[in-house]
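Chain by chain, the residues run as shown.
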Amino acid sequence: MNENLPGWQRLTGILRDPREALTLSRGNIELWANLLIILCALVFMLLKGATFAVTLTTVFGIWAMLSISLNLVVGYTGLLSVGHIGFFGLGAYTVAILTSTTSYENLRTGEIPTFGWPFFAALPVAALVAGLVALLVGIAFNRFRDDIYVLVSFGFAIISFNVFLNLRVLTRGAFGIHDVARPQIGSWVFDTELELMLVSLVLLAIVIGISWFIVSSSFGRVLKAIREDEQVAEVFGYHVTHYKLAVWVISAMMTGLAGGMFSSWTTFIDPNSFILLESILLVSIVILGGLATIWGSLLGALAFVLLEEGMRFLPFLPQEYVGQARQVVLGVLLVVLMVFRPQGLVGRFKL
Amino acid sequence: MLSYFSRTERLIATLLVAIVLIYIGWRAISSPEQAMQFGFNGLSVGAIYALMAIGFTLVYSTVWFFDLYYGAAAALGAYSVFYLRSQEWLGGQYQVNTPVVNIILAMVVAGVAAWVIHTAFYGRFKERVDATALRIVGGALAMAIGIYTGLVLTFPSYLHITFGPVAAVAIGVAALWGIKYLYDRVSGGRGPRAGLLIAILSGGALAITLGLILVNSPGSKLYLSWAVSCLLAGTVGLALYRGLYVRMRQRSRSPLIMLVASLGILLALTACISIVFQSAPRPLPDPFGSVPWTIGGANIKGFNFFAIGTAIAGFLALFSVLKWTSFGRAVRAIGDDEEVARVVGINTTVIVAIVFFVGTAFAAMAGILSGHDTAIQPRMGLLLLLKGWIASVVGGIGNLYGAILGGFVLGLIEQFAIWDLAGEWKDVVAFGLLILFLSFWPQGLLPRK
């Protein structure tokens, strides 16, 4: 059987001859990963009930948007960016600043302006702000490659965290911003978990659609060519820098969209949601799921959300250590994957 | 990596930097006392960055991949000082010394010791001695080392008795080798055996004197705990090298994959540290008293001098080893081309292992100094690592002079920047400097030849 077939095509083979499921060849890892994660998700949702499943899906939607848009940069273009949390934060803060109506005169001396925009007006602005910043950052970052790129993207994550924390005029510093508006159309306010899940999934569908369009177009093929060999792509007459900049900006805009959704979902944001660690977690989700596949990012996000929420219910793990235990598991998983399967669970590309 | 900018643009950037420097100079002249203060703070912080950058440069210019464990080593070193000393600092309010951690660390040390004994002696003796006996002796030795580590860690308040003699013997042996090396060099390797005897005698005398001093002075426990911490961080680095990087290098994984793997290690180790020690920041007391001296209107702590001295001493030690010993030549050869180095008969695995050990020990020392300077927290490692990397980029990647220069330059610029900006912005300044340097002077201040 062909080793390179994706998981679902092997599934038909297994249906024809069940013995194939037992041959643990390399290609089968994809199938097992798919089956295991989806099965875990189903069992978990069934055990914990409908409300929990809805919340889980909302969180999954946000992480999936993030990982798909990061995968465009890391997987398809081959630029290992650890700084995407900055764009996520930009989107979240834009929506929060534009929609929040609570003022804080009693907390701080200077009066902070409130805008009171509706959510759906603020969301495109969030994407635009993230895109604009990405354009500026991208122009500066475009000439770097490989580990230098990792370093400067670390730098971007730290700079943006510091801006969120210290630019108190806009972001209210460590106090955070309360009462971010929920999505609203006319008089229909999306404030139950189910409605929020709907918004999250619709946004996720948009992100998937855009990414799929990019990936399957000629633009996406140029990106892959850049990933494989930048100089060759240049020789063939493509403006490599323009392509890299374009995908960087698009990815940042979609990340900003996810950020807006996140801030409306939690209704409260502070700089601690946008620390460097979250960015590292995000990169590890993308790599865990698989580079250069949209499905891989979805799978990675699902596995991450399951890990995050599932560990909360482990009986032998004290509550205060859940976050750290999750990091340990993710870190060890990352190391094991890098040694044995550097393209991730269902990936198409090794870094 | 070439700069994409034209000459004129670089000239403009240089002019802008010059204007900033002139502005700082003007500020310094108009209030020299403050400038002195900021300068000393900058040098003190810069020393920590320089230590980071030196070790980082050593590792990076040998294996050419960016090892993020190096950052975790800084946190590990600082936290193991806290681990060893907290009983006395906090007076038993906070019991952190747990058997589980001791046993895990002892096992890691035993495993690494077994590997070191195997690589160092097995090949040399297997012709002459029975292989099974050799394995048993080696295993027993490794286990003894592991048990000893466990003992040292379990009774941190008797560190001067348990670890003092070992440290003294280590220093004595180092002195012996140093004297023998000098003697051989002076006599051209043809001198009478008496020189060797003198070396052994003086080394032994030094070891005994030092050992007696250390055992009889409980005040030396802090310094001994620094040594233990550096050794521990180095050992963990060695374990990772053997268990992971060697394997990945055999599979010829790309540098970026190794980077991601080390990212996983960093994530896991940071989380482990915060599980054991909780994630709140903790202060390490100032070892030299917090009463500052006033020099030229600036308040300068004794610790600042110590940090600067440590960085310079570390640099000199590493520099002389790399420049004048066969080990140093091997390291430089591997940095230039590993394949060729292997072909001419250098045991690259062992040399790179030693490089990892020494490099991570440097990182641990930087972490300890930074902990004594401000406070320790589990996440400190990554930021220190990034600062060390920035320093080495500013100085010139892969150049030891550049590393120490870059460290001090970065520290000074950070401090002088927060003279006018608020203190929160110093990380932004550091990364701004990085992007400036990478864009306009990617070779750094002192390019690698």
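Residues numbered from 1 in each chain as written. Chains lettered and ligands numbered in written order. Predicted model: local features only at pLDDT ≥ 70, side-chain atom pairs only at ≥ 80, totals over all residues.

Considerations on the overall build of chain A
Put simply, the test is: In DSSP terms, a helix is any run of H or I states spanning at least four residues, a strand is any run of E spanning at least two, and both are numbered starting from the N terminus. Counts of 20 or more other C-beta atoms within 10 Å of a residue's own C-beta define buried residues, counts of 12 or fewer define exposed ones, and intermediate counts define partly exposed ones; C-beta atoms are placed from the backbone.
Across its full length, chain A carries 14 helices and 2 strands. Counting across all 351 residues of chain A, residues that qualify as buried make up 48%.

Some remarks on the overall build of chain B
Basically, it comes down to this: It is the C-beta atoms, placed from the backbone, that decide contacts: two residues are in contact if theirs lie within 7 Å.
Helices and strands together make up the secondary structure of chain B, namely 17 helices and 2 strands. Along the first, second and third principal axes, the C-alpha atoms of chain B reach 70 × 55 × 50 Å. Looking at chain B residue by residue over its 449 residues, the buried ones come to 44%. In chain B, the share of contacts with a sequence separation of at least 24, taken over all contacts with a separation of at least 6, comes to 79%.

Some thoughts on unusual backbone geometry
A positive phi angle is found at arginine 172 of chain A, which is not glycine, with a value near 60°. Mapped onto the fold, arginine 172 of chain A is located in the loop between α7 (168-171) and β1 (184-185). In this structure, glutamine 278 of chain B is a non-glycine residue whose phi angle is positive, near 65°. You can see glutamine 278 of chain B is positioned in the loop between α10 (255-277) and β1 (293-295). A residue is classified by how many C-beta atoms lie within 10 Å of it, and glutamine 278 of chain B, with 16 of them, is partly exposed.

Structural notes on the interface of chain B and chain A
The figure often quoted for interface size is the accessible area lost as the parts come together. For clarity, the cut-off: Amino acids outside the nonpolar list (Ala, Val, Leu, Ile, Met, Phe, Trp, Tyr, Cys, Pro) and the charged list (Asp, Glu, Lys, Arg) are all regarded as polar, and Gly is one of them.
Tallying the contact residues gives 35 residues for chain B and 35 residues for chain A. With 15 residues, α10 of chain B is the largest single contributor of residues to the side of chain B that touches chain A. Of the residues assigned to the side of chain B that touches chain A, the class counts are 27 nonpolar, 4 polar and 4 charged.

Let's talk about the confidence of the model for chain A
To be explicit about the condition: Values of pLDDT, the confidence the predictor places in each residue, fall between 0 and 100.
Chain-level statistics for chain A give a pLDDT mean of 85 and a share of 90% at 70 or above. The spread of mean pLDDT over the elements of chain A runs between helix α1 (residues 7-16) of chain A, the lowest at 64, and helix α11 (residues 240-266) of chain A, the highest at 93.

Some points on the packing of helix α3 (residues 50-76) of chain A against helix α8 (residues 193-216) of chain A
All names here are of chain A. Put simply, the test is: Inter-axis angles, ranging from 0 to 180 degrees, are taken between N-to-C directions of lines fitted to C-alpha atoms, where helices are fitted over the stretch in contact. Orientation is classified from the angle alone, with under 35 degrees giving roughly parallel, over 145 giving roughly antiparallel, 65 to 115 giving roughly perpendicular, and any other angle giving oblique. Take the far helix as the reference: if the near one is turned anticlockwise from it by less than a right angle, the crossing is left-handed, and if turned clockwise, right-handed.
Orientation of α3 relative to α8, taken along the N-to-C sense of each, is 20°, at an axis distance of 9 Å. Regarding the angle of α3 to α8, the classification is roughly parallel. Two packed elements cross with a definite hand, and for α3 against α8 that hand is left-handed. When the residues that make up the contact of α3 with α8 are grouped by side-chain class, the tally is 17 nonpolar, 8 polar and 1 charged.

Notes on helix α16 (residues 400-420) of chain B
Let me state the cut-off plainly: Expected helix span is computed as 1.5 Å times (number of residues minus one).
The terminal C-alpha atoms of α16 of chain B lie 31 Å apart, and with 21 residues this matches the ideal 30 Å at 1.5 Å per residue to within 8%. α16 of chain B sits mainly inside the fold: 16 of its 21 residues count as buried.

As for the environment of phenylalanine 38 of chain B
All names here are of chain B. By the element assignment, phenylalanine 38 lies in helix α2 (residues 32-63). With 10 residues separating them along the chain, phenylalanine 38 and alanine 28 place their C-alpha atoms 9.5 Å apart. The residues contacting phenylalanine 38, other than those within four sequence positions of it, are Gln415, Phe416 and Trp419.

Considering the environment of serine 153 of chain A
All names here are of chain A. Tracing the backbone shows serine 153 in helix α6 (residues 146-166). The class of serine 153 is buried, set by 24 C-beta atoms lying within 10 Å. Distance in space between the C-alpha atoms of serine 153 and leucine 80 is 8.3 Å, their sequence separation being 73 residues.

Overview of the environment of tryptophan 117 of chain A
All names here are of chain A. Within the secondary structure layout, tryptophan 117 lies in the loop between α4 (84-99) and α5 (119-141). C-beta crowding within 10 Å serves as the criterion here: with 17 such atoms nearby, tryptophan 117 is assigned to the partly exposed category. Sequence-wise, tryptophan 117 and lysine 48 are 69 residues apart; in three dimensions their C-alpha atoms are separated by 36 Å. If near-sequence neighbours (up to four positions away) are discounted, tryptophan 117 is found in contact with Leu98, Thr99 and Ala122.

Quick notes on the packing of helix α11 (residues 302-324) of chain B against helix α12 (residues 326-336) of chain B
For any two helices packed against each other, the geometry is given by the interaxial angle and the distance between the axes. Residues and elements named next belong to chain B. Here α11 crosses α12 at 85°, and the two axes come no closer than 5 Å. By the angle between their directions, the pair α11 and α12 is classed as roughly perpendicular. For the pair α11 and α12, the contacting residues are Val321, Leu322, Lys323 and Trp324 in the first and Phe327, Gly328, Val331 and Arg332 in the second. Classifying every residue of the contact of α11 with α12 by side-chain character gives 5 nonpolar, 1 polar and 2 charged.

A short note on α11 of chain B
Across its 23 residues, α11 of chain B extends 33 Å between first and last C-alpha, which sits within 8% of the 33 Å expected from 1.5 Å per residue. Within the sequence span of α11 of chain B, burial applies to Asn304, Ala307, Ala311, Gly314, Phe315 and Leu318 of chain B.

Quick notes on the confidence of the model for chain B
With 98% of its residues at a pLDDT of 70 or more, chain B shows a mean pLDDT of 87. For this predicted complex, the interface confidence reaches an ipTM of 0.87, while the overall pTM sits at 0.89.

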